[in-house]
Amino acid sequence: MQHHNHFLSLNLQLPPAPEPKGVYTPLLQVGNLIYVSGHLPVNYDGTLHRGKIGQDIDQEAGKLAARQVGLTILSTLISNLGSLDRIKRVIKVFGMVNATTDFEKQPYIINGCSELFVEIFGREFGIGVRSAVGVGSLPEKVPVEIEAIFELSED
Amino acid sequence: MQHHNHFLSLNLQLPPAPEPKGVYTPLLQVGNLIYVSGHLPVNYDGTLHRGKIGQDIDQEAGKLAARQVGLTILSTLISNLGSLDRIKRVIKVFGMVNATTDFEKQPYIINGCSELFVEIFGREFGIGVRSAVGVGSLPEKVPVEIEAIFELSED
Amino acid sequence: MQHHNHFLSLNLQLPPAPEPKGVYTPLLQVGNLIYVSGHLPVNYDGTLHRGKIGQDIDQEAGKLAARQVGLTILSTLISNLGSLDRIKRVIKVFGMVNATTDFEKQPYIINGCSELFVEIFGREFGIGVRSAVGVGSLPEKVPVEIEAIFELSED
């Protein structure tokens, strides 16, 4: 698994790994799975990307926010595991989109995160199962919250 | 496990297994579990069942849509695994209902899927844990999206 | 694991373990994990705590409802497992908050459940991963629904 070397070669900037905003831990290992808490889109200066899609921000901004959630998840993984090398693959992405009640393009939004994971882990290991759903509201009025499960390699 | 023979004896019509509408895979095996992506209600002609419950369609149409999501999940399972024989049991159903904000009967809606799983797998193996929740919006304005986990038999 | 003795020493009152309101089981063991269905806030007399946060009830009532969901989950665990002694730790909490679309304090609400789990299991074993999200609607118009995963000890 040379995921971390590949990650470094992409020269991606990561936001700071967020401190929990409640009584939970950002990730937890269970057997060979890493459960990741719901993450919000943290900007490079540590602030949050805010706004409801279809009301405050548009689809493209929403997709960028989902990518930023993905980068924030990577920051949590690296901060806790030291690197991405022990990550074998993406198992699951659960994408929650804060949008108006007539919004229909949740998969397009969450692709912002999924396409990032493919950049990092490749198509073989970067694509897992997924649900993309429109929620009623999200913490701090962020446009996207994503939780995920990753598999660790055995070694 | 004669689940597939029993399934065939029921003469149920299945919709076509849907192609992913984003960067994800319809199902993924992790150990002896099958994680299934969020599925939408696909009609027999490949179109989607649309409408928000309490606004565009009523409860009965919503419950039928949940059953159709269940049939679509079965189609994905059979398309990827060849048959239902390796499925041991339902572990989890997460049912997301696209309804007006005053809707209170999400469990009734999701029973449309759960009752189908009992028809196929019986009460011993067809009933797992479940959450039924009302979401703000769903892809393509479908009334129901469901994700699931199944257990595979050891052999 | 002296979780049950500690639980008894706290003299907490538990609501009755709820009967399923649909075709599902309240919990299911998969390997050494206990999957718990979405639970609602059951009062000590068996009725449900009702109301949408920001419309019918305020934040403090919502947080108390989340604590009541936690007590209801404990009631289900004890009713099905006999005690809390076989529970090793909290793995995951998924908290769904029924609030107005401009609500931003979902983590504060779900802390009502998470803080209870820390009282029972301590900080080492009571804190898992978590998502806190605002949904569009919930069964019986309850303010909070929570599903969870616990790990069993090996013995």
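See the structure printed just above.
Residues numbered from 1 in each chain as written. Chains lettered and ligands numbered in written order. Predicted model: local features only at pLDDT ≥ 70, side-chain atom pairs only at ≥ 80, totals over all residues.

## Topic: the relation of the copies chain C and chain A
- The two copies are related by a screw motion: chain C maps onto chain A through a turn of 120° and a shift of 0.0 Å along the axis, at an RMSD of 0.0 Å. In short, the pair behaves as if placed about a three-fold rotation axis. Relative to the rotation axis, the C-alpha of Gly136(C) is the closest in chain C, positioned 2.6 Å from it.
- When you check the interface residues of chain C against chain A, a mere 8% turn up at the interface there too, and the two sides of the contact use different surfaces. (Least-squares fit on C-alpha atoms with pLDDT ≥ 70 in both. Contact = placed C-beta atoms within 7 Å.)

## Thoughts on helix H3 (residues 106-126) of chain B
Residue and element names in this part refer to chain B.
- The first and last C-alpha atoms of H3 sit only 19 Å apart over 21 residues, clearly below the 30 Å expected at 1.5 Å per residue.
- Considering bend angle alone, the principal kink of H3 is centred on Ile120 and spans about 95°.
- Within H3 the residues assigned to the buried category are Gln106, Pro107, Ile109, Ile110, Asn111, Gly112, Cys113, Ser114, Leu116, Phe117, Ile120 and Phe121.
- Here the buried face of H3 lies against helix H1 (3-9), helix H2 (59-81), strand S3 (87-98), strand S4 (129-135) and strand S5 (144-152). (Helix = DSSP H or I, 4+ residues; strand = E, 2+ residues; numbered from the N terminus. Expected span 1.5 Å × (residues − 1). Bend = angle between axes of the 7 residues up to and from the residue. Buried ≥ 20, exposed ≤ 12 C-beta atoms within 10 Å, placed from the backbone.)

## Some thoughts on the sheet that holds strand S4 (residues 129-135) of chain A
Residues and elements named next belong to chain A.
- Taken in spatial order, the 5 strands make up an open sheet running S1-S2-S5-S3-S4, and their pairing is mixed. Of all the strands in the sheet, the pair left with one neighbour each is strand S1 (27-30) and S4. Sheet twist, expressed as the average angle between the axes of neighbouring strands with direction ignored, equals 15°.
- With 4 bridges joining them, S1 and strand S2 (residues 33-39) adopt antiparallel strand pairing. (Pairing = 2+ DSSP bridges. Axes fitted to C-alpha atoms, helices over the stretch in contact; angles between N-to-C directions.)

## So, the sheet that holds strand S1 (residues 27-30) of chain C
All names here are of chain C.
- Pairing is mixed in the open sheet, where 5 strands are placed in the order S1-S2-S5-S3-S4. The open sheet has two edge strands, S1 and strand S4 (129-135), and neither has a second partner. The average undirected angle you get between the axes of adjacent strands in this sheet is 15°.
- Bridge count between strand S3 (residues 87-98) and strand S5 (residues 144-152): 9 bridges; the pairing is antiparallel.

## Section: the packing of helix H2 (residues 59-81) of chain C against helix H3 (residues 106-126) of chain C
All names here are of chain C.
- One can describe the packing of H2 onto H3 by two numbers: an axis separation of 7 Å at closest approach and a directional angle of 40°. Judged by the inter-axis angle, H2 sits oblique to H3. Crossing angle aside, the handedness with which H2 passes H3 is right-handed. Residue-level contacts link Gln59, Gly62, Lys63, Leu64, Ala66, Arg67, Val69, Gly70, Leu71 and Leu74 of H2 to Tyr108, Ile109, Ile110, Asn111, Gly112, Cys113, Leu116, Phe117 and Ile120 of H3.
- A class-by-class count of the residues in the contact of H2 with H3 yields 12 nonpolar, 5 polar and 2 charged. (Parallel < 35°, antiparallel > 145°, perpendicular 65-115°, else oblique. Left-handed = near helix turned anticlockwise from the far one by under 90°. Nonpolar A, V, L, I, M, F, W, Y, C, P; charged D, E, K, R; others polar.)

## Considerations on the interface of chain C and chain A
- Residue-level contacts link 26 residues of chain C with 22 residues of chain A.
- Of all the secondary-structure elements, those providing two or more residues to the side of chain C that touches chain A are S3, H3 and S4 of chain C.
- For the side of chain C that touches chain A, a count of residues per class yields 12 nonpolar, 8 polar and 6 charged.

## Overview of the interface of chain A and chain B
- Contacts between chain A and chain B engage 26 residues on the former and 22 residues on the latter.
- If you list the elements that add at least two residues to the side of chain A that touches chain B, you get strand S3 (87-98), helix H3 (106-126) and S4 of chain A.
- Along the lines of polarity and charge, the residues of the side of chain A that touches chain B split into 12 nonpolar, 8 polar and 6 charged.

## Re H2(C)
- Under the 1.5 Å per step criterion, the end-to-end length of H2(C) is 33 Å for 23 residues, consistent within 8% with the ideal 33 Å.
- Immediately beyond the C-terminal end of H2(C), within one or two residues, lies Gly82(C), with a positive phi of roughly 90°.

## Notes on the relation of the copies chain A and chain B
- Mapping chain A onto chain B calls for a screw motion: a turn of 120° about the axis and a shift of 0.0 Å along it, with 0.0 Å RMSD after fitting.
- A share of only 8% of the interface residues of chain A reappears at the interface of chain B, consistent with the copies meeting through non-equivalent patches.

## Details of the pairing of S2(A)
All names here are of chain A.
- In terms of burial, S2 is largely enclosed, as 6 of its 7 residues are buried.
- Counting the residues between successive antiparallel strands, the hairpin from S1 to S2 contains 2 residues, one of them, Gly31, with a positive phi of roughly 60°.
- Of the pairings in the sheet, the one linking S2 to strand S5 (residues 144-152) comprises 5 bridges and is antiparallel in character. Within the sheet, the bridge partner assigned to Val36 lies in S5 and is Ala148.

## Here's the deal with the environment of Leu8(B)
- With respect to the helices, strands and loops of the structure, Leu8(B) is situated in helix H1.
- Sequence separation of Leu8(B) and Ile120(B) is 112 residues, and the distance between their C-alpha atoms is 9.4 Å.

## Looking at unusual backbone geometry
- Despite not being glycine, Lys141(A) has its phi angle at roughly 55°, a positive value.
- Among the secondary structure elements, Lys141(A) is positioned in the loop between S4 and S5.
- According to the C-beta neighbour criterion, Lys141(A) is partly exposed, with 18 such atoms within 10 Å.
- A positive phi angle is found at Glu140(B), which is not glycine, with a value near 55°.
- Looking at the secondary structure, you find Glu140(B) in the loop between S4 and S5.
- Assessed through the 16 C-beta atoms surrounding it within 10 Å, Glu140(B) is described here as partly exposed.

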